[in-house]
Amino acid sequence: AARVAAVEDQLSAGSPASEIGQQVVRLPSTFVGSVRYYQQLYLDAMALPKKFGKPDLFLTFTCNPDWPEIRAALPPQSHWRFHSDIIARVFALKLKALIDDIQSGQIFGPARAYVFRVEWQARGLPHVHMLIILLDKILSGRHIDAVISAELSDAAEDPDLSALVIKHMLHPQCDVNHHHGCRRDKDGKLCDCERKFPKLLCRETTIIPDGYPLYRRRGRFRIVLPGGRIVTDQWVVPHNAYLLKKYRCHINVEACAHF
């Protein structure tokens, strides 16, 4: 009876039946890369909103191979694709500085907690997805406008910011080039843009329950890309102007839906 109960306990705990009675090596959560390691990270991440509340901001931070720190460290006539060690080191330092801006610099206000995941793109560049829980919850369109912009900048007033938005924060022209990933569904078939571009123009930010806000896109400025294409705010990815000017890379900032 005791043996039957032990088997039932193993099955109820989720152990595969083929492993019961066999010698199995299970590495502890302190072993980086083990199953229990990732399970522990997941449980830790899920515990944050339970203690501190729902996330307020979702941030995507992507490595820029043209960062001067990377270019200066590359051997002559070499390419960053062959030096993942340099890419990883510089990106780790930039990420550390970004976290310091969020925690100590409080660029979004006092932050109660954050959690992030680092991923590597197919072409060899890392990027981070980060959730940020703020002390002062984002509950109004005016608060969103204070930390997030989804508009082209005035080239006459701030040419540097305008150039950075054009270079890093424009969604690909997926309406004319259907080869972009956002135009393919999970089966690889052609579909509408999964990111819902081009966006609607809007005079003020509108909060939509259980969805992304309808960001303010007033259409005040427009640019002409090489080839003659005219682009408006409808193609701008939401971002934070301070972070964009400091880190000079693709850095998407979105308001999470918890309204």
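This part is about the overall build of the protein. Looking only at helices and strands, the protein has seven helices and six strands in total. For the protein, the succession of helices and strands along the chain, N to C, is α-α-β-α-α-β-β-α-α-β-β-α-β. With respect to the principal axes defined by its C-alpha atoms, the protein has extents near 80 × 50 × 45 Å. By residue count, 36% of the 259 residues in the protein fall in the buried class. Pairs at least 24 apart in sequence give 61% of the contacts found in the protein among residues at least 6 apart. By element, 54% of the accessible surface of the protein is carried by carbon and sulfur atoms, the whole surface being about 16100 Å². Averaging the positions of the 34 positive and the 27 negative side-chain charges in the protein gives two centres separated by 1 Å.

Turning next to helix H2 (residues 35–52). Between its first and last C-alpha, H2 extends 27 Å over 18 residues, near the 26 Å set by a 1.5 Å rise per residue. Within the span of H2, buried status applies to Ala45, Leu48 and Phe52. Viewed end-on, H2 has its buried residues packed into an arc of 65°, placing them on one side of the element. Seen from the open side of H2, the exposed residues pointing more than 90 degrees away from its buried face are Val35, Tyr42, Lys50 and Lys51. Gly53 sits one or two residues past H2 and shows a positive phi near 100°.

With that settled, the discussion passes to unusual backbone geometry. Leave glycine aside and you will find that most residues have negative phi; peptide bonds, for their part, are mostly trans. Cis peptide bonds are those with omega within 30 degrees of zero, and the linkage from Phe197 to Pro198 qualifies with 0°. Among the structural elements, Pro198 can be located in the loop between helix H6 (159–168) and strand S4 (223–224). The residue Gln77 is not glycine, and still its phi comes out positive at about 65°. Topologically, Gln77 is positioned in the loop between helix H3 (68–73) and helix H4 (84–103). Using a relative accessible area of 85% as the deciding quantity, one classes Gln77 as exposed. A positive phi is found at Gln106, a non-glycine position, where the angle reads about 50°. Positionally, Gln106 belongs in the loop between H4 and strand S2 (111–120). For Gln106, a relative accessible area of 41% corresponds to the partly exposed category.

This part takes up the sheet that holds strand S3 (residues 126–134). Pairing is antiparallel in the open sheet, where four strands are placed in the order S2-S3-S1-S6. Each of the sheet's edge strands pairs with one partner strand only, and the pair in question is S2 and strand S6 (251–255). Pairwise comparison of adjacent strand axes, ignoring direction, gives a mean angle of 15° for this sheet. Summarising the sheet, strand S1 (residues 57–62) and S3 pair through six bridges and their orientation is antiparallel. Across the sheet, the residue bridging to Phe58 is Leu131, located in S3. Here H4 sits on the sheet in contact with S1, S2, S3 and S6, set at roughly 165° to S2.

Definitions and limits used
Residues numbered from 1 in each chain as written. Predicted model: local features only at pLDDT ≥ 70, side-chain atom pairs only at ≥ 80, totals over all residues. Heavy atoms only, no water. Helix = DSSP H or I, 4+ residues; strand = E, 2+ residues; numbered from the N terminus. Buried < 20%, exposed > 50% of the residue type's maximum accessible area, 1.4 Å probe, protein only. Contact = heavy atoms within 4.5 Å. Areas by Shrake-Rupley, 256 points an atom, 1.4 Å probe, with all protein chains shown as cover. Lys, Arg positive; Asp, Glu negative; His and termini not counted. Charge placed at Lys NZ, Arg CZ, Asp CG, Glu CD. Expected span 1.5 Å × (residues − 1). Arc of directions from axis to C-beta. Pairing = 2+ DSSP bridges. Axes fitted to C-alpha atoms, helices over the stretch in contact; angles between N-to-C directions.

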